[in-house]
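# Chain and residue survey
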Amino acid sequence: MFLPLRSIDGLFSPRKRNVHVPLWNYTLLRTQIFIVYFIAGIKKLDADWVEGYSMGSLSRHWLFDPFKLFLSEEMTNLIVVHWGGLILDLTAGYLLFFDVTRPIAIFFVSYFHCMNSQLFSIGMFSYTMLATSPLFCYPDWPRRLVSKLPQCLHWALPSIQPPHKSPECVYPGQKGKGSIGLRHKLGAIFTVIYIAEQLFLPYSHFITQ
């Protein structure tokens, strides 16, 4: 399986330039982002959060003023801050995966992270999450975007030429060279182990305490 994209290391290595990227690379990155959202939602499933007590007076911030046009401050705190954050975290990872819901999900997670960047001092986290949202889009979106820009800008942007086959990828129906080998099997095992580890770590307090 494969997805097309030009990587940064392709700028320095002609062999890697403008070739397909193995799907497991995307799988790791997308799953990592999914886990960030979903585990955050799971952690919010306690009485303090669901009943609207965890964030206290956060709804007094000016960012929530539009909601106060039709909700009281108490209801804004409960419905928007607490229930909204809970629902978004539990569903964002799923909604980003599907074509139909992806535009809506990107809008809400972008709005969510922009608000967080103003509400909390959490460094680059909000901007990192914003930058990773396009990982869930079709991998040829940079090519389609660049193709609509002026020709004079193309030299500094991702190639719009179709990607070439990569020896790192497995293609359906292809036998011999490029078929499933030990390296691909090890990659699959590594992917499963890494994802299992990431699912386990948020609940590993009994080890690290």
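Residues numbered from 1 in each chain as written. Predicted model: local features only at pLDDT ≥ 70, side-chain atom pairs only at ≥ 80, totals over all residues. Heavy atoms only, no water.

Going by what an unreviewed UniProt entry lists, the protein chain is known as HTTM-like domain-containing protein and is assigned to Engystomops pustulosus. We quote the UniProt Subcellular location (unreviewed entry) comment for the protein chain here in full: "Endomembrane system". (UniProt positions renumbered as here; feature names shortened; annotations may be inferred.)

## Observations regarding the side chain of S126
Summarising the element assignment, S126 is placed in helix α5 (residues 125-132). Judged by its relative accessible area of 1%, S126 falls in the buried class. (Helix = DSSP H or I, 4+ residues; strand = E, 2+ residues; numbered from the N terminus. Buried < 20%, exposed > 50% of the residue type's maximum accessible area, 1.4 Å probe, protein only.)

## Description of the packing of aromatic side chains
In total, this model carries 10 aromatic pairs according to the counting rule given. Each ring, one from F34 and one from Y94, has its centre 5.0 Å from the other, and the planes form 85°; the classification is edge-to-face. Taken as a pair, F34 in helix α1 (residues 23-43) and Y94 in helix α3 (residues 73-97) lie far apart in primary sequence, 60 residues in all. On the accessibility criterion, Y94 (41% relative accessible area) is partly exposed. For the ring pair F97 and F136, a centre distance of 5.2 Å and an interplane angle of 90° mean the geometry is edge-to-face. (Phe/Tyr/Trp six-rings, centres within 6.5 Å; stacked < 30°, edge-to-face > 60°.)

## Concerning the packing of α3 against helix α4 (residues 102-119)
Relative to each other, α3 and α4 sit at 140°, their axes nearing to 8 Å. Viewed along their axes, α3 and α4 adopt a mutual orientation that is oblique. For the pair α3 and α4, the sense of crossing is left-handed. Only R102, A105, I106, F108, V109 and F112 of α4 make contact with α3, whose side of the interface consists of L88, D89, A92, L95, L96 and F97. Looking at the contact of α3 with α4, its residues break down into 10 nonpolar, no polar and 2 charged. (Axes fitted to C-alpha atoms, helices over the stretch in contact; angles between N-to-C directions. Parallel < 35°, antiparallel > 145°, perpendicular 65-115°, else oblique. Left-handed = near helix turned anticlockwise from the far one by under 90°. Contact = heavy atoms within 4.5 Å. Nonpolar A, V, L, I, M, F, W, Y, C, P; charged D, E, K, R; others polar.)

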